[in-house]
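Descriptive analysis of the structure
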Amino acid sequence: MSRSRVLSDSQWERIASLMPAPSPKGGRPFGDHRLVVEAIIWRYRTGIPWRDLPAEFGPWQTVWKRHNRFSHDGTWDRVHAALLTEADAAGVLDWTVSVDSTINRAHQHATTFARVSRSPRAAAPPTPQGARSNHKNLRQEPADHAIGRSRGGLSTKIHQLVDGNGLPLVVLLTPGQSGDSPMFDALMGQLRVDRMGRARTRPDAVRGDKAYSSRAIRSHLRRRGIAAVIPEPDDQKRHRLNRGSAGGRPPRFDAINYRGRNVIERGFCDTKQWRGLATHYDNLAVTYRGAVVLRAITLWLKRLEDTP
């Protein structure tokens with residue numbers, strides 16, 4: 001297999017029909033989708049600049065424009081959703097999910113947007129860096145471009161829900177300084193796997209670390225009949241015990257089940273095998289998230305290919 005063929009024939013056959021078709025109104029038709037998709041994978045896997053793509057992939061401008069288009073028009077999300085439906089029908093999607101986040105450093109090429117001016121004499125209004133993103137419309141570029149300042153500098157945080165095997169179900173971005181628990185509702189709100197009849201949006205259980213041990217999250221899960229596999233932090237234990245009988249019973253915690261939460265940590269390691277994702281190079285959060293979803297697509301393609 002040449003280096004321009006990074007997908008097997010069986011993997012490409014699974015997604016070929018899901019790629020956009022030429023517009024019936026005319027216009028310039030799409031070129032070879034497979035070559036372009038494999039060029040996008042190659043670029044993010046190696047982390048090279050777009051301009052340094054090997055010539056056998058064709059013009060780099062075409063590759064970038066196609067990725068930018070597929071990220072903004074929802075193509076990558078539709079392909080990902082179709083693979084989740086197929087995996088669920090094949091019985092390889094484990095509905096005991098895990099939730100967590102990982103921080104990726106933003107390269108200086110990704111941080112060329114205007115910074116917030118703290119001077120009261122500034123003529124132009126400050127840019128809304130740090131404004132909350134609209135996670136109901138994932139095709140809209142957030143005002144902060146999902147870049148913020150955390151302990152390691154300018155960074156982006158990837159939040160994911162993964163199935164029991166560590167394969168991504170939902171991918172969202174926030175600036176690096178954002179907390180984990182405020183994103184829980186947004187992640188659960190994006191969980192949807194289509195089935196014959198009614199889509200499934202409720203997992204059997206949710207595994208999370210102590211960052212997700214809040215009264216709001218536990219109430220959310222209890223209300224929907226979802227088992228919470230989340231340990232209670234020491235400060236919450238002390239607060240509950242100090243209240244005496246008014247503190248209530250300790251939350252149920254299945255320590256054996258919790259051992260499976262490491263799948264999301266291993267899943268993040270798989271995601272960061274792509275150097276273009278381990279470091280955030282893209283100016284736009286939508287295109288960077290599109291690449292993270294594309295990585296999820298390749299992981300699900302491998303899982304489905306291994307299915308008997």
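Residues numbered from 1 in each chain as written. Predicted model: local features only at pLDDT ≥ 70, side-chain atom pairs only at ≥ 80, totals over all residues. Heavy atoms only, no water.

1. What to know about the packing of helix α2 (residues 33–46) against helix α3 (residues 60–72)
Here is the rule we go by: Whenever a helix is involved, its axis is fitted only over the stretch in contact; in every case the axis is a line through C-alpha atoms, and angles between N-to-C directions fall within 0 to 180 degrees. Under the scheme used here, helices are H or I runs from DSSP no shorter than 4 residues and strands are E runs no shorter than 2 residues, and both carry numbers assigned from the N terminus. Here is the rule for angles: anything less than 35 degrees is roughly parallel, anything more than 145 is roughly antiparallel, 65 through 115 is roughly perpendicular, and the remaining ranges are oblique. The contact rule is simple, with two residues in contact once any of their heavy atoms fall within 4.5 Å. All residues other than Ala, Val, Leu, Ile, Met, Phe, Trp, Tyr, Cys, Pro, Asp, Glu, Lys and Arg, Gly among them, are scored as polar; the first ten of these are nonpolar and the last four charged.
For the pair α2 and α3, the least separation of the axes is 9 Å and the interaxial angle reads 90 degrees. Classified by the angle between their axes, α2 and α3 sit roughly perpendicular to one another. In contact with His33, Val36, Ala39, Ile40 and Tyr44 of α2, α3 contributes Val63, Arg66, His67 and Phe70. For the contact of α2 with α3, the residue count by class is six nonpolar, two polar and one charged.

2. Here we look at the pattern of salt bridges
Opposite charge on two side chains permits them to pair, given that their charged atoms come into close proximity. Counted only if it meets this: A carboxyl oxygen of Asp or Glu within 4 Å of a side-chain nitrogen of Lys or Arg is what we treat as a salt bridge.
Across all of its chains, the model carries 13 salt bridges by this definition. Linking Asp180 and Lys157 is a salt bridge whose minimum nitrogen-to-oxygen distance equals 3.3 Å. On the criterion of sequence distance, the pair formed by Asp180 in the loop between β4 (168–175) and α5 (184–190) and Lys157 in strand β3 (residues 153–162) is long-range, its members being 23 residues apart. A salt bridge links Glu265 to Arg261; its shortest N-O distance comes to 3.2 Å.

3. Re helix α11 (residues 285–305)
Put simply, the rule reads: Each residue after the first adds 1.5 Å to the expected span of a helix. Between buried and exposed lies partly exposed: a residue is buried under 20% and exposed over 50% of the maximum accessible area for its type, with that area taken using a 1.4 Å probe on protein chains only.
In this model, α11 (21 residues) spans 30 Å end to end at C-alpha, consistent with the 30 Å of a helix rising 1.5 Å per residue. Extensive coverage of α11 is indicated by the burial of 18 of its 21 residues.

4. As for unusual backbone geometry
Phi at His145 is positive, roughly 55 degrees, even though this residue is not glycine. Mapped onto the fold, His145 is located in the loop between β1 (96–106) and β2 (148–150). Even without glycine at this site, Ala146 takes up a positive phi of about 55 degrees. Relative to the assigned elements, Ala146 resides in the loop between β1 and β2. You can call Ala146 buried: its relative accessible area is 1%.

5. Let's talk about the pairing of β1
Put simply, the rule is: Strand pairing requires that DSSP identify at least two bridges connecting the strands.
The buried fraction of β1 amounts to nine of the eleven residues, a majority that puts the element mostly inside the structure. Relative to strand β5 (residues 205–207), β1 runs parallel, the two being bridged by three bridges. Looking across to β5, one finds that Thr96 is bridged to Ala205. As judged from the eight bridges shared by β1 and β3, these two strands associate in the antiparallel manner. Across the sheet, the residue bridging to Ile103 is Lys157, located in β3. When β1 meets strand β7 (residues 279–280), the two strands line up parallel, connected through two bridges. Bridging across to β7, Arg105 finds its partner in Thr279.

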